[in-house]
Amino acid sequence: MVELVQPEKPRSRLKIYLDVLSAIQAEGEAKPTHILYKANLSYDRLAKYLEELAAKGLITEKTEEENRYFVLTPQGREFIKEVRKAEAFIGGFGLTI
Amino acid sequence: MIEVASQILYADALLNLASGAVALLISYYAFHFNKLLENSVLRFVSFGFMMLGMGLLVEAVTRIVVTATLKTIVAPNLLLSLASAIYLFLQVASYFVFAWGYALGAYTQTKVGAAFLLAGLTKYQRLRRYYLAGFAVNLVAQLLSIVFLAFVVFQGVLVYSRSHNRLSLMVLVGFTLIFAAHLVMLASILAVSGLLLALGSVIRFAGFASMLVFLIRSGRVGAAREAS
């Protein structure tokens, strides 16, 4: 039997970074639960990616009344802008991030 | 007649200059985004457009400088021949790189013109061998370019049919126009037609203009996505 529908490729690390950062950008100050829902990640994986993004200086963590929030740094906003432009550019050559 | 031929070839050099600038701009952006994305196909795009842009600029600048210095563009000149050879080599190599990159991504002159060019030839009989050698080199280069570009255009059609992305359509239109330009240039070599050569250059420039529109639009689309 011929497979007519190709299985969806797993997201690249960069795509996951972009999804997480976009989720934070949409909220302004985003709670982890909101990010994992919007970025479609398990809690363990989200914790790993948030740690990586914070280490790269793209996000910072804030704590208010025992609630954790994540906000974009200026570098994080610039990173999203660059990745969006790169995504549009490579789309012209049939590539995706 | 010689004067007209000189003007056509001078305009051709200016178009090549503009096309080369666009090619180098695309190469720069592909290189810049590759630092972020680390994609092998993007490396091929960057390297291919860099070779094509360098070749176009070397050929165009040499022709403009030699014309300005010698006041004739039809007379055979060793420097021009060398610049043309470098350009043709880089052109064929760049189209090969594009074809390779796409494969990688997909599977992992009128009679009047002839008359004045031939008039130039008879005037410089002792240097005929330059033309004959140039004819053969040009013919092979055009044929190879057409083969590689046909593959690139085919891949471009596949990419567009899958994505229906307006930006990939602009890239496809760009490569299709460059492909059509090389068909016209091949005809210009066979017909020894300066006007056909100039027409080929205009079509190729239109291809690069499409690429420039793609570059500008991709920047805007990226900025719009970021804003939304």
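See the structure shown above.
Presented here is an overview of the structure given in this document. Everything numeric here is computed off the predicted structure, so don't read it as measured data.

**Description of the overall build of chain B**
Argument step 1. When helices and strands are counted, chain B shows 7 helices and 0 strands.
Argument step 2. Counted from the first residue to the last, chain B has its helices and strands arranged as α-α-α-α-α-α-α.
Argument step 3. In chain B, which comprises 228 residues, the proportion classed as buried is 47%.

**Regarding the packing of helix H1 (residues 13–27) of chain A against helix H4 (residues 74–91) of chain A**
Residues and elements named next belong to chain A.
Argument step 1. Viewed as axis vectors pointing N to C, H1 and H4 meet at an angle of 125°, and their least axial separation amounts to 10 Å. Taken together, H1 and H4 sit at an angle that is classed as oblique. As H1 packs across H4, the resulting crossing turns out to be left-handed. Each of Leu 14, Leu 18, Leu 21, Ser 22 and Gln 25 in H1 lies in contact with H4, whose residues at this interface are Gly 76, Phe 79, Ile 80 and Val 83.
Argument step 2. Taken together, the residues that form the contact of H1 with H4 break down as 6 nonpolar, 3 polar and no charged.

**What about the pairing of strand E1 (residues 59–64) of chain A?**
All names here are of chain A.
Argument step 1. Looking at chain direction, E1 and strand E2 (residues 67–72) are connected through 6 bridges and run antiparallel. Bridge pairing in E2 places Glu 61 opposite Phe 70.
Argument step 2. The hairpin formed by E1 and E2 contains 2 residues between the paired strands, and Glu 65 there has a positive phi angle of roughly 45°.

**Focus: the nonpolar core**
Argument step 1. Among the nonpolar cores identified, the biggest contains 91 residues, and A:Val20, A:Leu21, A:Ile24, A:Ile35 and B:Val152 are the most heavily contacted of them.
Argument step 2. If we skip the residues at most four places from it in the chain, A:Ile24 touches A:Ala30, A:Ile35, A:Ile59, A:Phe70, A:Val71 and A:Leu72.

**Overview of the interface of chain B and chain A**
Argument step 1. Contacts between chain B and chain A engage 24 residues on the former and 18 residues on the latter.
Argument step 2. Within the residue set of the side of chain B that touches chain A, elements represented by two or more residues are helix H1 (2–37), helix H2 (40–70), helix H5 (128–163), helix H6 (166–191) and helix H7 (194–227) of chain B.
Argument step 3. If one sorts the elements of the side of chain B that touches chain A by residue count, H7(B) sits on top with 8 residues.

**Things to note about the packing of H1(A) against helix H2 (residues 32–39) of chain A**
All names here are of chain A.
Argument step 1. Two numbers describe how H1 lies on H2: the axes approach to 9 Å, and their chain directions differ by 130°. As far as their axial angle goes, H2 and H1 are oblique. H1 and H2 meet at a crossing whose hand is right-handed. Contacts from Ile 16, Asp 19, Val 20, Ala 23, Ile 24 and Glu 27 of H1 reach H2 at His 34, Ile 35, Lys 38 and Ala 39.
Argument step 2. Grouping the amino acids of the contact of H1 with H2 by side-chain chemistry returns 6 nonpolar, 1 polar and 3 charged.

**Quick word on the environment of A:Tyr49**
Residues and elements named next belong to chain A.
Argument step 1. The topology assignment puts Tyr 49 in helix H3 (residues 43–55).
Argument step 2. Accessibility expressed as a C-beta count within 10 Å gives 21 for Tyr 49, which makes it buried.
Argument step 3. Along the backbone, Tyr 49 and Tyr 17 are 32 residues apart, and their C-alpha atoms lie at a distance of 7.2 Å.
Argument step 4. Setting aside residues no more than four positions away along its own chain, Tyr 49 makes contact with Ile 16, Tyr 17, Val 20 and Leu 41.

**Thoughts on H3(A)**
All names here are of chain A.
Argument step 1. Under the 1.5 Å per step criterion, the end-to-end length of H3 is 18 Å for 13 residues, consistent within 8% with the ideal 18 Å.
Argument step 2. By the burial criterion, the buried members of H3 are Leu 46, Tyr 49, Leu 50 and Leu 53. Angularly, the buried residues of H3 cover 105° about the axis, an arc narrow enough to put them on a single face. For H3, the exposed residues set more than 90 degrees away from the buried face come down to Asp 44, Glu 51 and Ala 55.
Argument step 3. Against H1, H2, E1 and E2 lie the buried residues of H3.

Conventions and cut-offs
Residues numbered from 1 in each chain as written. Chains lettered and ligands numbered in written order. Predicted model: local features only at pLDDT ≥ 70, side-chain atom pairs only at ≥ 80, totals over all residues. Helix = DSSP H or I, 4+ residues; strand = E, 2+ residues; numbered from the N terminus. Buried ≥ 20, exposed ≤ 12 C-beta atoms within 10 Å, placed from the backbone. Axes fitted to C-alpha atoms, helices over the stretch in contact; angles between N-to-C directions. Parallel < 35°, antiparallel > 145°, perpendicular 65-115°, else oblique. Left-handed = near helix turned anticlockwise from the far one by under 90°. Contact = placed C-beta atoms within 7 Å. Nonpolar A, V, L, I, M, F, W, Y, C, P; charged D, E, K, R; others polar. Pairing = 2+ DSSP bridges. Core = buried A, V, L, I, M, F, W, Y, C linked by C-beta atoms within 7 Å. Expected span 1.5 Å × (residues − 1). Arc of directions from axis to C-beta.

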